[in-house]
Amino acid sequence: MFEVKNILRLLTIISALLMISAGVTSFIINHCVSDIIIGIHIILIGILIFYYEFFNQNNVKKWFHNHYIFRLIMLIWNNFLILGINKVTLGFGIYGIIIGIANGIYYLINKNEEEEEI
């Protein structure tokens, strides 16, 4: 019931929703045009992560050997972009980076068990 991989999946879904809300706040509080462009990018990536985590997780396994690597790359890469938008998104970005690192650590710890399942 309380497996770590299910908790990481739930936290990743929450991070995707926070990414979408960070993209929306970039439209409300913007300082330059690059904030709006990053906001559009973050909204699209947040929807992509939410879709694959909530609805269609099997396609990630076709494209990547391990979906924890997908989470690690997508969360850390895009949450570094979120850090610079405004003060509201700073907390969202730090949360997403922590969840991305947690996915990477879980992959490193359980590397042999995940390879046997595939």
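Residues numbered from 1 in each chain as written. Predicted model: local features only at pLDDT ≥ 70, side-chain atom pairs only at ≥ 80, totals over all residues. Heavy atoms only, no water.

Colleague: Explain the environment of Ile73 to me, please; I cannot follow it from the model alone.
Modeller: Relative to the assigned elements, Ile73 resides in helix α4 (residues 67-82). Taking relative accessible area as the criterion, Ile73 reaches 43% and is therefore assigned partly exposed. Expressed as a C-alpha distance, the spacing of Ile73 and Ile97, which sit 24 residues apart in the sequence, is 9.9 Å. (Helix = DSSP H or I, 4+ residues; strand = E, 2+ residues; numbered from the N terminus. Buried < 20%, exposed > 50% of the residue type's maximum accessible area, 1.4 Å probe, protein only.)

Colleague: Quick question: what am I supposed to make of the packing of helix α1 (residues 4-28) against helix α5 (residues 87-109) here?
Modeller: Relative orientation of the contacting elements α1 and α5 amounts to 155°, with a least axis distance of 9 Å. Classified by the interaxial angle, the pair formed by α1 and α5 is roughly antiparallel. Helix-helix and strand crossings are classified by hand; for α1 and α5 the assignment is left-handed. For the pair formed by α1 and α5, the contact residues are Val4, Lys5, Leu8, Leu11, Thr12, Ile14, Ser15, Leu18, Ser21, Ala22 and Thr25 on the first element and Val88, Thr89, Phe92, Tyr95, Gly96, Ile99, Ala102, Asn103 and Tyr106 on the second. Taken together, the residues of the contact of α1 with α5 sort by class into 12 nonpolar, 7 polar and 1 charged. (Axes fitted to C-alpha atoms, helices over the stretch in contact; angles between N-to-C directions. Parallel < 35°, antiparallel > 145°, perpendicular 65-115°, else oblique. Left-handed = near helix turned anticlockwise from the far one by under 90°. Contact = heavy atoms within 4.5 Å. Nonpolar A, V, L, I, M, F, W, Y, C, P; charged D, E, K, R; others polar.)

Colleague: Explain the side chain of Thr12 here, please?
Modeller: Along the polypeptide, Thr12 turns up in helix α1. There is a polar contact of 2.7 Å between the side chain of Thr12 and the backbone oxygen of Leu8. (Polar contact = N/O pair within 3.5 Å; in protein donor to acceptor, adjacent residues only side chain to side chain.)

Colleague: How should the packing of aromatic side chains be read in this particular structure?
Modeller: What characterises a pair of aromatic rings is the spacing of the ring centres plus the angle enclosed by the ring planes. Counted according to the given criterion, the structure contains 3 aromatic pairs. Arranged with centres 5.3 Å apart and planes meeting at 65°, the rings of Tyr51 and Tyr52 form a pair that is edge-to-face. Taking the relative accessible area as the measure of exposure, Tyr51 reaches 39% and is therefore partly exposed. Among the aromatic residues, those joined into a cluster by ring pairs are Tyr51, Tyr52 and Phe70. (Phe/Tyr/Trp six-rings, centres within 6.5 Å; stacked < 30°, edge-to-face > 60°.)

Colleague: Can you help me understand α4 in this one?
Modeller: In an α-helix, one turn spans 3.6 residues; hence positions three or four apart end up facing the same way. The end-to-end C-alpha distance of α4, which contains 16 residues, comes to 22 Å, matching closely the 22 Å that a straight helix rising 1.5 Å per residue would cover. Among the residues of α4, those classed as buried are His67, Tyr68, Phe70, Arg71, Met74, Leu75, Ile76, Asn78, Asn79 and Ile82. (Expected span 1.5 Å × (residues − 1).)

Colleague: Would you take a moment to explain the packing of α1 against α4 for this structure?
Modeller: Think of two packed helices as two axes; the pair is described by the angle between the axes and how far apart they sit. For the pair α1 and α4, the least separation of the axes is 11 Å and the interaxial angle reads 30°. If you check the angle between α1 and α4, you find them roughly parallel. You can see that α1 and α4 cross each other, and the crossing is left-handed. Residue-level inspection shows Lys5, Leu8, Arg9, Thr12, Ser15, Met19 and Ala22 of α1 in contact with α4, the latter providing Tyr68, Arg71, Leu75, Asn78, Asn79 and Ile82. Here the contact of α1 with α4 is composed, by residue class, of 6 nonpolar, 4 polar and 3 charged.

Colleague: In this structure, what is going on with α5? I would like to understand it.
Modeller: The first and last C-alpha atoms of α5 sit 34 Å apart over 23 residues, in line with the 33 Å expected at 1.5 Å per residue. Every buried residue belonging to α5 is among Thr89, Gly93, Gly96, Ile97, Ile99, Gly100, Asn103, Gly104, Tyr106 and Tyr107, and all of these are buried. With a side-chain oxygen lying 3.2 Å from the backbone nitrogen of Val88, the N-terminal cap of α5 falls on Asn86.

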